[in-house]
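Chains, contacts and geometry: an overview
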Amino acid sequence: MRDKNGKCNRIGVLEQTFAPTPIYQLSEEYSDNEIYIKRDDLIPFSFGGNKARKAAQFYKEIMEQQPDVIMTYGSNSSNHCRIIANMAASMGLPCHIISPDERVEGKNGRDLCNSILVRQFGATVETCPVTEVADTIETRKKEYLGRGMQPYFIMGGGHGNAGTQAYVNTYAEILQQEEQMRLHFDRIVHASGTGTTQAGLICGKLLQKGHIPVTGISIARSNPRGRGVVRESIRDYLGDRFEALYSEKELEFTDAYICGGYGKYVAEISQMIDHVMQTEGIPMDTTYVGKAFWGMIRMLEEQKIHGQKILFIHTGGTPLFFDRI
Ligand SMILES: *Cc1c(COP(=O)(O)O)cnc(C)c1O
């Protein structure tokens, strides 16, 4: 609902700065490194995750701009689309999602919990062939404008400088937590998709002169494109400061664990997810976090990395966890 002046509603939880998400050490059975986890999946909005952090940045802009409709795009397993649909519903704004008709299948062809949620938030989901997504977005934008409606458009996955900002802030949060916990992490590892999360963490490192390198485990894209997109996001965010601050060694992005691409996974990932659930009680999904966690453990073995303190960021995706059950 709009308020009595016809303005988009406030959402208290997105207006506040999220409390730092918990960091703690996992049991020692995964690796001979000390593995710590940062639980961004516990962020208190729409089942949490990195897209909730990004949404909080878009929310500020939406409150300022007071658009008439929110538009974005993504697949049926997109956590971003779910969170934006939730945010739009909570603000009293219509939400229009363009979705490629290449679906990620749920078990036995059932709808994914994520897409059921998107529907429940009342979003309009329009599907089209993946090659027509860009044109469809442009056409729909023009149609809204023609009807005197102002669309607010968010790139897929919450890509863009506002999304990057969310993880620049998170890098600062991690440095503070290190101080409180009196320890130093040797590296941060996380699932890298559109690259915004990784770009944010790396920009955070460069701007805050942090000491912790960031490794992205690609869950979909292969190199050189995957790496290139992260670099471009860093360049976009840093602007004039890019040349002075950035060097290629800052960008560790591995495509060795993509298992054939987005949404694809192997039995070992499933087994790892079961194991983590049973020993730590932490849900992970096969598309993002479970895949990246498995990839990280393998990478540590393959690269013979021992005795380090590794911080793995759990970037969310909780609704996707239920599709494996
Ligand atoms: C989107 C997503 C990622 C990847 O984040 P990017 O910023 O797109 O690289 C990782 N984990 C989860 C659960 C996600 O939903």
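Here, every reference points to the structure presented above.
**A look at the overall build of the protein chain**
When helices and strands are tallied, the protein chain shows 12 helices and 10 strands. For the protein chain, the proportion of contacts with a sequence separation of at least 24, taken over those separated by at least 6, is 80%. As displayed, the protein chain offers around 14300 Å² of accessible surface, 50% of which is attributable to carbon and sulfur atoms. Counting 36 positive and 39 negative side-chain charges, the protein chain places the centres of these two groups 3 Å from one another.

**Quick notes on the side chain of Thr-164**
Within the secondary structure, Thr-164 is located in helix 6 (residues 161–181). Apart from the residues lying within four places of it in its own chain, the contact partners of Thr-164 are Thr-196, Ala-199, Gly-200, Cys-203 and Tyr-237.

**A few points about the sheet that holds strand 4 (residues 95–100)**
In space, the 4 strands of this open sheet follow the order 5-4-3-6, with parallel pairing throughout. Each end of this open sheet is capped by a strand with a single partner; those strands are strand 5 (124–128) and strand 6 (151–154). In this sheet, neighbouring strand axes are inclined to one another by 20 degrees on average, regardless of whether the strands run parallel or antiparallel. Bridging between strand 3 (residues 69–73) and strand 6 involves 4 bridges; their strand directions are parallel. Counterpart to Met-71 in the pairing with strand 6 is Phe-153. Contacts between helix 2 (residues 50–65) and the sheet are confined to strand 3 and strand 6, with strand 6 contributing the most and set at about 165 degrees to the helix. The sheet contacts of helix 3 (residues 79–91) involve strand 3, strand 4 and strand 6, and relative to strand 3 the element is tilted by about 175 degrees.

**Looking at the nonpolar core**
Residues Ile-35, Met-284, Phe-293, Met-296 and Phe-312 are the most contacted members of the largest nonpolar core, which totals 31 residues. Among the elements of the structure, strand 2 (34–39), strand 7 (187–192), helix 10 (267–280), helix 11 (289–302), strand 10 (309–314) and helix 12 (318–321) are those that each provide at least two residues to this core. Apart from the residues lying within four places of it in its own chain, the contact partners of Met-296 are Ile-35, Val-189, Ile-217, Ile-310 and Phe-312.

**Quick word on the packing of helix 6 against helix 8 (residues 225–238)**
At a minimum axis separation of 10 Å, helix 6 and helix 8 run at an interaxial angle of 90 degrees. As judged from the angle between their axes, helix 6 and helix 8 are roughly perpendicular. Two secondary-structure elements touch here, helix 6 through Asn-161, Thr-164, Gln-165 and Val-168 and helix 8 through Ser-233, Asp-236 and Tyr-237. For the contact of helix 6 with helix 8, the residue count by class is 2 nonpolar, 4 polar and 1 charged.

**Describing helix 10**
For helix 10, which comprises 14 residues, the first-to-last C-alpha distance of 20 Å matches the rise-based estimate of 20 Å (1.5 Å per residue) to within 8%. By the burial criterion, the buried members of helix 10 are Ile-269, Ser-270, Met-272, Ile-273 and Val-276. Buried residues of helix 10, viewed axially, fall in a sector of 160 degrees; they line one side. The exposed set on the far side of helix 10, more than 90 degrees from its buried face, consists of Ala-267, Gln-271 and Gln-278. Buried residues along helix 10 sit in contact with helix 11 and helix 12. A positive phi of about 70 degrees marks Gly-281, the residue just after helix 10.

**Examining the site of the ligand**
Residues in contact with the ligand amount to 15 residues; listed here are only the nearest, Lys-51, Asn-79, Thr-194, Thr-197 and Thr-315. For the ligand, whose unbound accessible area comes to 380 Å², protein coverage reaches 98%. For the shell around the ligand, the secondary-structure elements that each account for two or more residues are helix 2, strand 7 and helix 7 (196–207). Of all the elements, helix 2 adds the most residues to the shell around the ligand, at 3 residues. Tallied by class, the residues present in the shell around the ligand amount to 2 nonpolar, 11 polar and 2 charged.

**Here's the deal with the sheet that holds strand 1 (residues 23–25)**
Read across the open sheet, the 6 strands follow the order 1-2-10-7-8-9; overall the sheet is mixed. Each edge of the open sheet is held by one strand with a lone partner, namely strand 1 and strand 9 (252–254). Direction aside, neighbouring strands of the sheet carry axes that sit 25 degrees apart on average. Two strands pair when backbone bridges link them, and strand 1 and strand 2 are joined in this way by 3 bridges, in the antiparallel orientation. Counterpart to Gln-25 in the pairing with strand 2 is Tyr-36.

Rules of the game
Residues numbered from 1 in each chain as written. Predicted model: local features only at pLDDT ≥ 70, side-chain atom pairs only at ≥ 80, totals over all residues. Heavy atoms only, no water. Helix = DSSP H or I, 4+ residues; strand = E, 2+ residues; numbered from the N terminus. Contact = heavy atoms within 4.5 Å. Areas by Shrake-Rupley, 256 points an atom, 1.4 Å probe, with all protein chains shown as cover. Lys, Arg positive; Asp, Glu negative; His and termini not counted. Charge placed at Lys NZ, Arg CZ, Asp CG, Glu CD. Pairing = 2+ DSSP bridges. Axes fitted to C-alpha atoms, helices over the stretch in contact; angles between N-to-C directions. Core = buried A, V, L, I, M, F, W, Y, C linked by side-chain atoms within 4.5 Å. Buried < 20%, exposed > 50% of the residue type's maximum accessible area, 1.4 Å probe, protein only. Parallel < 35°, antiparallel > 145°, perpendicular 65-115°, else oblique. Nonpolar A, V, L, I, M, F, W, Y, C, P; charged D, E, K, R; others polar. Expected span 1.5 Å × (residues − 1). Arc of directions from axis to C-beta. Near = heavy atom within 4 Å.

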